[in-house]
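Residue strings, one per chain:
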Amino acid sequence: QVQLVESGGGLVQPGGSLRLSCAASGSIFSIYFMSWYRQAPGKQRELVARITSGDTTNYADSVRGRFTISSDNAKNMVYLQMNSLKPEDTAVYYCQMLIRNSGGRNAYWGQGTQVTVSS
C-alpha cells in the first residue's frame, strides 16, 4: 500500500507565505507525476499545480507566478511554496501522486491540509 501525508498548512495573513510538503511511503516503483489540488467550501476540487518525473510543471492561472511546485524524487516528496497568499486561496490542499507499484498504476491522495488566509 501507499500512504501520502501532507504537512505545512495553517493560518496566514494576506500577502504571507506557506510551504506545503507531502511525503509518499509504501510500495513505490516509480512516480509519474505529483500534483497539488485544493477544495474550498462549496466548490469543486481543482488542480493547483503539477510536476512530472521529468520536472515539467504546470499551474492553474489563479496561482501562476505566486506558487511554485517542486519535488525530491529520491525522497518521494513534493512541495508547494505559496507566496503572496490571498483570501481566495483558502481551501483544503491535497497532494496526489500517480504511482506505479506491484498493483499497477494508480492515483493516491493525501488526507488534506487546511490553508486559511485571513487577517
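Residues numbered from 1 in each chain as written. Predicted model: local features only at pLDDT ≥ 70, side-chain atom pairs only at ≥ 80, totals over all residues. Heavy atoms only, no water.

Asker: Report on the nonpolar core, specifying residues and quantitative values.
Answerer: Formed by 32 residues in total, the largest nonpolar core has its most connected members in L4, W36, V78, L80, M82, Y93 and M97. Element by element, the count of residues in this core is highest for strand β9 (residues 91–101), at five residues. Look past the residues within four positions of Y93 in its chain and what remains in contact with it is E6, L20, W36, Y37, R38, V48, F67, L80, M82, G112, T113 and V115. (Core = buried A, V, L, I, M, F, W, Y, C linked by side-chain atoms within 4.5 Å. Buried < 20%, exposed > 50% of the residue type's maximum accessible area, 1.4 Å probe, protein only. Helix = DSSP H or I, 4+ residues; strand = E, 2+ residues; numbered from the N terminus. Contact = heavy atoms within 4.5 Å.)

Asker: For the pairing of strand β11 (residues 113–117), give the residues involved together with the corresponding values.
Answerer: As a general feature of sheets, a regular strand has side chains that alternate between the two faces. On β11, burial follows the alternation: T113, V115 and V117 on one face are buried, whereas Q114 and T116 on the facing-out side are not. Looking at chain direction, strand β2 (residues 10–12) and β11 are connected through three bridges and run parallel. Counterpart to V12 in the pairing with β11 is V117. Where β9 meets β11, three bridges bridge the pair, whose relative direction is antiparallel. By the bridge assignment, V92 is partnered in β11 with Q114. (Pairing = 2+ DSSP bridges.)

Asker: Let's hear about the packing of aromatic side chains: which residues, and what values?
Answerer: Throughout the structure, instances matching the rule amount to two aromatic pairs. Between Y37 and W109 the ring centres are 4.9 Å apart and the planes differ by 55°, which places this aromatic pair in the tilted class. Separated by 72 residues along the polypeptide, Y37 in strand β4 (residues 30–39) and W109 in strand β10 (residues 104–109) bring together distant segments of the chain. On the basis of relative accessible area, Y37 is assigned to the buried category, the value being 15%. Here the aromatic rings of Y94 and W109 are separated by 6.5 Å at their centres, their planes lie at 80°, and the arrangement is edge-to-face. Taken together, the residues Y94 in strand β9 and W109 in strand β10 connect sequence positions 15 residues apart. (Phe/Tyr/Trp six-rings, centres within 6.5 Å; stacked < 30°, edge-to-face > 60°.)

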